[in-house]
Amino acid sequence: MTDTVSSPAPTVAVEGVHKRYETTDGAGTTALADVSFTIDPGEFVTVVGPSGCGKTTLARLVGGFESPTSGRVLVDETPVTSPAPDRAMVFQAYHLFPWLSVQENVAFGLVEQGVAEDVRNERVEAMLELVGLSDRASAYPAELSGGMKQRVGLARALAVDPGLLLMDEPFGSVDSQTRRRLQRELLDIWRTVEKTVVFVTHDIQEAVLMSDRVLVLTGTPGRVRDDVTVELPRPRDRTDDAFIGYVDTLFDLVETTI
Ligand SMILES: Nc1ncnc2c1ncn2[C@@H]1O[C@H](COP(=O)(O)OP(=O)(O)OP(=O)(O)O)[C@@H](O)[C@H]1O
Ligand SMILES: [Mg+2]
């Protein structure tokens, strides 16, 4: 039994990655073409781009849920070949275990890691409080709204305190007030316990608020069109002229990438 569950923040290197999916009509889709970038330990990098440009594919490749058709993904210089507990993913479409309660879903990774029950319970309680679901601990996923399911997915990923956090539109289906609270909480967690974050969003303002860097992908197949460093002090103010300037620049880049 262990009681510590924290992993150090790693580097990520994506090297010349192509990803092609075979499709039922036989035509196939190239989701990503020649994508390369690196992320330093503890960096918060957001990926934006038009729908279908390969953002989810990219996050899944880094998580080891998919393999590149060619090229490679390295985490701390080791090629990624499968999912691992030090890389947690918050999925766009929740992916909760329907037969487990909210509490059991959040505890899942901790059980896998053999974390002692008292530590586990404490951690699960803290994570449920963080996402505002303490009163739904014994509910099952089918009994929750989309936003609640999304928050359970977030709590489950944060519970194992991974060094690398992969987040695919983690706030996509939560209401705007909860979204702002979770954005703040995530930034607090990221600042307190160093984590490398790959964050996917459609929301340009969210990208500027959260990130050290924003990768802009082109439309299908996805390629890196731009890599914008957000040089604004934190906490950031959405009404600040420089903040609005970044939002405008990124909007233009995304609009012209289709
Ligand atoms: N399992 C799959 N089989 C076949 N094609 C796929 C599969 N997964 C994704 N694709 C295709 O790969 C491309 C990229 O998909 P992906 O889900 O990565 O895009 P995305 O940028 O996350 O889109 P969105 O913003 O809508 O979430 C799309 O053309 C999609 O149809
Ligand atoms: Mg997606």
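Predicted model, so just to flag it, every value in this text is computed and none were measured.

What follows deals with the UniProt feature "domain: ABC transporter" (unreviewed entry) in the protein. Cross-referencing UniProt, the feature "domain: ABC transporter" (unreviewed entry) maps to residues 12–244 in the present numbering. Taken as a whole, residues 12–244 contains 33% helix and 25% strand, while its terminal C-alpha atoms sit 29 Å from one another.

Attention now moves to the sheet that holds strand β2 (residues 29–39). One open sheet holds the four strands; their spatial order is β2-β1-β4-β5, and the pairing between them is antiparallel. If you trace the sheet from one side to the other, it starts and ends with β2 and β5 (78–79), each paired once. Taken together, the seven bridges between strand β1 (residues 12–21) and β2 define a ladder with antiparallel strand orientation. Residue Ala-13 lies in a different strand from β2, and its bridge partner there is Thr-38. Strands β1, β2 and β4 (70–75) of the sheet are contacted by helix α1 (residues 55–63), whose axis makes an angle of about 120° with β1.

A separate point is the layout of surface pockets. For the largest pocket, the calculated volume is near 460 Å³. Secondary-structure elements contributing two or more residues to the lining of the largest pocket are β6 (87–90), α2 (102–112) and α4 (146–159). Residue composition of the lining of the largest pocket, by class: 11 nonpolar, three polar and three charged. Taken as a whole, the second largest pocket encloses approximately 210 Å³ of empty space. Lining the second largest pocket are Arg-180, Gln-183, Arg-184, Leu-187, Asp-188, Arg-191, Leu-209, Arg-234, Pro-235, Arg-236, Asp-237 and Arg-238. Per-element accounting of the lining of the second largest pocket gives the leading share, six residues, to helix α5 (residues 176–192).

About the criteria used
Residues numbered from 1 in each chain as written. Chains lettered and ligands numbered in written order. Predicted model: local features only at pLDDT ≥ 70, side-chain atom pairs only at ≥ 80, totals over all residues. Heavy atoms only, no water. UniProt positions renumbered as here; feature names shortened; annotations may be inferred. Helix = DSSP H or I, 4+ residues; strand = E, 2+ residues; numbered from the N terminus. Pairing = 2+ DSSP bridges. Contact = heavy atoms within 4.5 Å. Axes fitted to C-alpha atoms, helices over the stretch in contact; angles between N-to-C directions. 1 Å grid on protein atoms, 1.4 Å probe; cavity = no way out; pocket = protein on both sides within 12 Å on 5 of 7 lines; lining within 4 Å. Points joined across faces, edges and corners; volume = space filled by probe spheres on them. Nonpolar A, V, L, I, M, F, W, Y, C, P; charged D, E, K, R; others polar.

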